[in-house]
Amino acid sequence: MKIGIIGCGAIGSDVAHAADSFPEIDTIFLHDVDEKSEKKLAESTEKGEVVNSETLLEKSDVIFEAASQEAVKMYAIDVLKQGKDFIIMSIGSLFDDDLREKLEETARKHHAKLYLPSGAVCGIDGILSASGDTIDKVTLVTTKPPKALNKNYKKRTVLFKGTARDAVQQFPKNINVAANLSIAGIGFDKTLVEIVADPVATRNSHKILAHGRFGRLRAEVENMPNPNNPGSSYLASLSAIATLKRIVNPIQIGA
Ligand SMILES: NC(=O)c1ccc[n+]([C@@H]2O[C@H](COP(=O)([O-])OP(=O)(O)OC[C@H]3O[C@@H](n4cnc5c(N)ncnc54)[C@H](O)[C@@H]3O)[C@@H](O)[C@H]2O)c1
């Protein structure tokens, strides 16, 4: 299998290094708008090869995006139209209802799949299963040290309380997690988000609380930063690698 990676930053590099060790993958095509990044990553992998975006789309069997929302808008339709699967990390782009519906329609028509790794949160599997029946409420509580939110509070302060749709507009850095949770569960207008600055917190944490016909769910993660990009949670890279394993492995675990 040949995989194409768009975006050779923190997450793209982690995925490329993992893919390098998968026997099912023989070639890793790499593309980044920053030539230095793509070249550096190719040199640190055995199977990596720098190509332009046209070659990457043409020759890859599966394409992985870890670049930007713009990159999703630029490439997603073309990838899916070729009947190829697309794994995206910049899930915040799907906040755009028109784009999301267009991608879904194209994927369906061309028998391709759009994969959304669970990213920096845990509990998405439970929300997905629970969405088979009524979910009454889903709340995401994101807690960060005040410094991570450019604040200097001395006590716990709730900065935002409202819908995921409003949260992603006011706090774009939280956008991927809120978007993923909304798509898995009850949508951008019903999913509630609280963003808290807490001087006691040493890490960024995300807590999902939900209840419905299935019962109650409470899932919390405290994230270590990615060693190559402190703004990215390391778990996001690991979830991308787990998604790639789901594609290449014969056994699939979880919802
Ligand atoms: N789903 C999640 O939970 C989650 C978590 C963290 C990050 N993300 C998202 O994943 C993406 C990558 O994150 P990262 O931490 O690796 O970022 P990064 O800044 O370390 O790397 C991004 C790379 O993409 C390249 N790039 C940007 N636009 C491009 C384009 N149009 N075409 C080709 N290359 C392009 C940049 O030059 C850079 O090298 C971001 O959009 C980020 O918001 C998602």
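Please refer to the structure higher up on the page.
The model shown is predicted, which means the values in this text are computed figures rather than measured ones.

A.B. asks: Teacher, can you tell me more about the sheet that holds strand β4 (residues 62-65) here?
C.D. replies: With parallel pairing, six strands are arranged side by side in an open sheet as β3-β2-β1-β4-β5-β6. The outermost strands of the open sheet, each flanked by one partner alone, are β3 (48-50) and β6 (114-115). Summarising the sheet, strand β5 (residues 85-88) and β6 pair through two bridges and their orientation is parallel. What sits directly across from Ile87, in β6, is Tyr115. Lying over the sheet, helix α1 (residues 10-20) contacts β1 (2-6), β2 (27-31) and β4, oriented at roughly 165° with respect to β2. Strands β1, β4, β5 and β6 of the sheet are contacted by helix α9 (residues 234-248), whose axis makes an angle of about 165° with β5.

A.B. asks: Looking at this structure, how should I read the site of the ligand?
C.D. replies: As a structural note, the neighbourhood of the ligand is formed by 24 residues, with Ala10, Ile11, Asp32, Ser90 and Ser232 the closest of them. Between the ligand and Ala10 there is a distance of 2.9 Å, counted from an oxygen atom to a backbone nitrogen or oxygen. Ser232 places a polar side-chain atom, nitrogen or oxygen, 2.8 Å from an oxygen atom of the ligand. Look at the ligand: alone it shows 870 Å² of surface, and the protein chains cover 79% of it. Those elements that place two or more of their residues in the shell around the ligand are α1, α4 (69-81) and β13 (229-233). For the shell around the ligand, the per-class residue count stands at twelve nonpolar, ten polar and two charged.

A.B. asks: Mind showing me how you'd approach a negative patch on the surface here?
C.D. replies: A contiguous patch of negative charge on the surface is contributed by Asp96, Asp98, Glu101 and Glu105. Considering the arrangement of structural elements, one finds Glu105 in helix α5 (residues 97-109).

A.B. asks: So what exactly am I meant to see when it comes to the nonpolar core here?
C.D. replies: Nonpolar side chains tend toward joint burial in soluble globular proteins. Formed by 50 residues in total, the largest nonpolar core has its most connected members in Ile127, Leu140, Val193 and Ile208. At seven residues, the largest contribution of residues to this core is made by α4. In this structure, this core is formed jointly by two domains, domain 1 (2-115 + 234-248) and domain 2 (124-223), each of which donates at least three residues. Ignoring anything within four residues of it in the chain, the contact list for Val193 reads Leu140, Phe160, Lys161, Gly162, Ala164, Ala167, Asn174 and Ala178. With 26 residues, the next largest nonpolar core counts Leu41, Ala42, Ala236 and Val248 among its residues.

A.B. asks: Honestly, the pattern of salt bridges in this entry has me stumped. Any pointers?
C.D. replies: Pairing of side chains with opposite charge becomes possible as their charged atoms draw close. Under the criterion given, the structure shown has nine salt bridges. Where Asp133 meets Arg213, a salt bridge forms, and the shortest distance between an N and an O atom there is 3.9 Å. Of the two residues, Asp133 is situated in the loop between α6 (124-130) and β7 (135-144) and Arg213 in the loop between β10 (204-212) and β11 (215-223); the sequence distance between them amounts to 80 residues. Of the residues examined, Arg213 reaches a relative accessible area of 64% and is grouped as exposed. A salt bridge links Asp189 to Arg165, with the nearest nitrogen and oxygen atoms 2.6 Å apart. Of this pair, Asp189 sits in the loop between α8 (175-184) and β9 (192-197) while Arg165 sits in helix α7 (residues 164-170), and the two are 24 residues apart along the sequence. Judged by its relative accessible area of 48%, Asp189 is partly exposed. Salt bridges sharing common partners tie together Asp97, Arg100, Arg165 and Asp189.

Procedures and definitions
- Residues numbered from 1 in each chain as written.
- Predicted model: local features only at pLDDT ≥ 70, side-chain atom pairs only at ≥ 80, totals over all residues.
- Heavy atoms only, no water.
- Pairing = 2+ DSSP bridges.
- Helix = DSSP H or I, 4+ residues; strand = E, 2+ residues; numbered from the N terminus.
- Contact = heavy atoms within 4.5 Å.
- Axes fitted to C-alpha atoms, helices over the stretch in contact; angles between N-to-C directions.
- Near = heavy atom within 4 Å.
- Polar contact = N/O pair within 3.5 Å; in protein donor to acceptor, adjacent residues only side chain to side chain.
- Areas by Shrake-Rupley, 256 points an atom, 1.4 Å probe, with all protein chains shown as cover.
- Nonpolar A, V, L, I, M, F, W, Y, C, P; charged D, E, K, R; others polar.
- Patch = residues over 30% accessible without salt bridge, like charges linked within 9 Å, V, L, I, M, F, W, Y side chains within 5 Å.
- Salt bridge = Lys/Arg side-chain N within 4 Å of Asp/Glu carboxyl O.
- Lys, Arg positive; Asp, Glu negative; His and termini not counted.
- Charge placed at Lys NZ, Arg CZ, Asp CG, Glu CD.
- Core = buried A, V, L, I, M, F, W, Y, C linked by side-chain atoms within 4.5 Å.
- Buried < 20%, exposed > 50% of the residue type's maximum accessible area, 1.4 Å probe, protein only.
- Domains from an automatic or database assignment.

On their own, these measurements won't tell you what the molecule is for.
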